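These are the residues of each chain, in order.
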Amino acid sequence: LSMFGTTVGLYGIPWCEKSLLLTVLMSVIGASMGILDTGGNVLALNTWGAEAGPHMQALHFSFAVGAFVAPILAKMALGGSESQDLPAAEHTNQSVWRSVPTASAASALKHHLGADFLWSYVVIGTYLLFVSFFFFILYSKGSSARDKSKASSQKGMFAKYHYALIILLFIFFLFYVGAEVTYGSYIFTYAKVFAEMKENEAAALNSVFWGAFAACRGVAIFCAACLYPGTMILLSIVGSAVSSSCLAFFARYPASLWVGTAVYGASMATIFPSGISWIEQYTVVQGKSASLFVIGAALGEMCIPAAVGYLQGRFHHVPVVMYTALATSAMTFVLFPLMYKLANSPGESDLKEMSESEDRKALLSNSGLNEDEEDEEDAGEWNEADFEVIEMNDTLRNSVIETSRKIPGDSAATVSLQQHLDDVLRDSPAVAGGSPGRKNVNVNREKND
């Protein structure tokens, strides 16, 4: 349904002549992509369960490839020559950060929006229509798989701090995705304004970021088969913290800018899919939880770039982009250990099992009178057998007493039954075997009686 909604929006955009209708269609596409992002992650977790790590990385690798290829295809569709018609004032500091295009820029863009560019919307929409059609076929034949996934999801246990983990991961994704989109959006302008690069060099730097991002996600598909998601997240946040520090303090050096951009893009690649796989190990990730993750990512994608653009407009000589990358990396570096601590805290059921096992060990230790370790182990084994015999004896004695009560006035029968029961229990192997811990158990038994 989400891909079909995106298809409808793409089909309608080339023929829009009213801004209100264009806004509605763009909103439909945005909502459909948000549903696809949420449903795709949950579907991968329900389909592959604990083995969803490589599949989750492959899912987000396709996103990285699209982010890397789409600007290249758009530039080819636009002809790549509209920048020649722009006035020279576009290359100054003030106009670079301006979000409203000039009249000449609008006319140049309109000149290149020919039939080929408009039909590209239809081609992409048709592609999504075919994908949604084949996906519907898989969905109609997957009833048994859905029942299996529902059964497996019902077996899962919620973590002790389930809601706290969800909220912290929501904030974690807000800073992470906001930093990723901010750096990918503003690195071209930063390279031209602060690093004084040529346009082709700035474009190459932008391609280095997204290329490293996509390549590292491709490698992560294979790494997820042998590395835990938590390990991949830890490596990513350490790499992003180191690279963002170099970019914030040493970006004036060209080598530091190029290497830092590549390492920063590679470090940001695996955090989102690894984060979803990581949280699924500790608690149940349902549709509501995954939607919160996507909402946090969308808020970061919307708010942080807007805030950076506003601050960069106010402070022209301050590299706000690099300081934002450093601040967001520091936030993720602090949040993940806190989430890890909460996720590994024992739950109520675990604490109950631990207390029961400790009480059992303490009780069994009182019956061990031997000094050697082998005797202590034998005593533990015999004590377990004695516990079972005592429980069996209690049940049998109660049944005898109940039977005797049903025979009014027959005290002789009661006495004979009781003596016969004592003879049977005395001759039983577990009682008559002379176990090492039997004396203390009998003593404790008498005390309890």
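Within any chain, residue numbers begin from 1 and follow the written order of that chain's sequence. Note on the predicted model: pLDDT of at least 70 is required for a residue's local features to be given, and 80 or more for side-chain atom pairs to be given and counted; whole-chain, interface and lining totals, by contrast, use all residues. Hydrogens and waters are ignored; side-chain quantities use all the structure's heavy atoms.

Q: Which residues make up the overall build of the chain, and what are the values?
A: Across its full length, the chain carries 19 helices and zero strands. For each residue, the accessible area found with a 1.4 Å probe, counting protein chains only, is set against the maximum for its type, and the residue is called buried under 20%, exposed over 50%, and partly exposed in between. Out of the 449 residues belonging to the chain, those deemed buried represent 35%. Contacts were defined at the residue level, with two residues in contact if any of their heavy atoms lie within 4.5 Å. Restricting the contact set of the chain to residue pairs at least 6 apart, pairs at least 24 apart contribute 80%. Computed by Shrake-Rupley with a 1.4 Å probe, the accessible areas treat only the displayed protein chains as cover when residues are assessed. About 26,600 Å² of surface is accessible on the chain, with carbon and sulfur atoms providing 64% of the total. A run of DSSP states H or I qualifies as a helix once it reaches four residues; a run of E qualifies as a strand once it reaches two. Both are numbered from the N-terminal end.

Q: Describe in detail the UniProt feature "transmembrane region" (unreviewed entry) in the chain, supporting the description with residues and values.
A: UniProt positions are given in the numbering used here, feature names are shortened, and annotations may be inferred rather than shown by experiment. Mapped onto the present numbering, the UniProt feature "transmembrane region" (unreviewed entry) falls on residues 20-46, 58-78, 118-140, 161-188, 233-251, 257-278, 290-308 and 320-340. Counting secondary structure, residues 233-251 comes out at 95% helix and 0% strand; the distance between its end C-alpha atoms is 25 Å. For the annotated span residues 320-340, helix accounts for 100% and strand for 0% of the residues, and the straight-line distance between the end C-alpha atoms is 30 Å.

Q: How would you sum up unusual backbone geometry? Please name residues and give values.
A: The phi torsion at Glu196 lies on the positive side, around 55 degrees, for a residue other than glycine. Given a relative accessible area of 66%, Glu196 falls into the exposed group.

Q: Which residues make up the state of the cysteines, and what are the values?
A: Only a pair of cysteine sulfur atoms within 2.5 Å qualifies as a disulfide here. Counted under the stated rule, the structure contains zero disulfides. The closest cysteine sulfur to the non-disulfide-bonded Cys223 is located on Cys226, 5.6 Å from its own sulfur. Here Cys223 falls in the partly exposed class, since its relative accessible area comes to 26%.

Q: Explain helix α2 (residues 19-48) to me, using residue names and the numbers behind them.
A: The terminal C-alpha atoms of α2, which comprises 30 residues, lie 43 Å apart, in line with the 44 Å expected from a rise of 1.5 Å per residue. Taken together, the buried positions of α2 are occupied by Leu25, Ile29, Ser32, Thr38, Asn41, Val42, Ala44 and Leu45. One or two residues past the end of α2 sits Gly49, with phi positive at roughly 60 degrees. In this analysis, the expected span of each helix is defined as 1.5 Å times one less than the number of residues it contains.

Q: Which residues make up the environment of Trp15, and what values go with them?
A: Looking at the element boundaries, Trp15 is found in the loop between α1 (2-12) and α2. Measuring from C-alpha to C-alpha, the distance between Trp15 and Leu118 comes to 8.5 Å, with 103 residues separating the pair along the chain. Within the structure, Trp15 has its side chain in polar contact with the backbone oxygen of Tyr11 (distance 3.1 Å). Here a polar contact means two N or O atoms within 3.5 Å. Within protein one must be a hydrogen donor candidate and the other an acceptor candidate, and residues neighboring in sequence count only if both atoms are side-chain atoms.

Q: Describe the nonpolar core, and please don't skip the residues or the numbers.
A: Ranked by size, the top nonpolar core spans 59 residues in total, and within it Phe172, Tyr183 and Leu257 carry the most contacts. The element contributing the most residues to this core is helix α8 (residues 162-193), with 16 residues. Here Leu257 is in contact with Tyr183, Tyr190, Ala195, Met197, Leu205, Leu247, Ala251 and Met322, once residues within four sequence places are set aside. Nonpolar core, defined: a set of buried Ala, Val, Leu, Ile, Met, Phe, Trp, Tyr and Cys residues in which side-chain atoms within 4.5 Å join the residues together.

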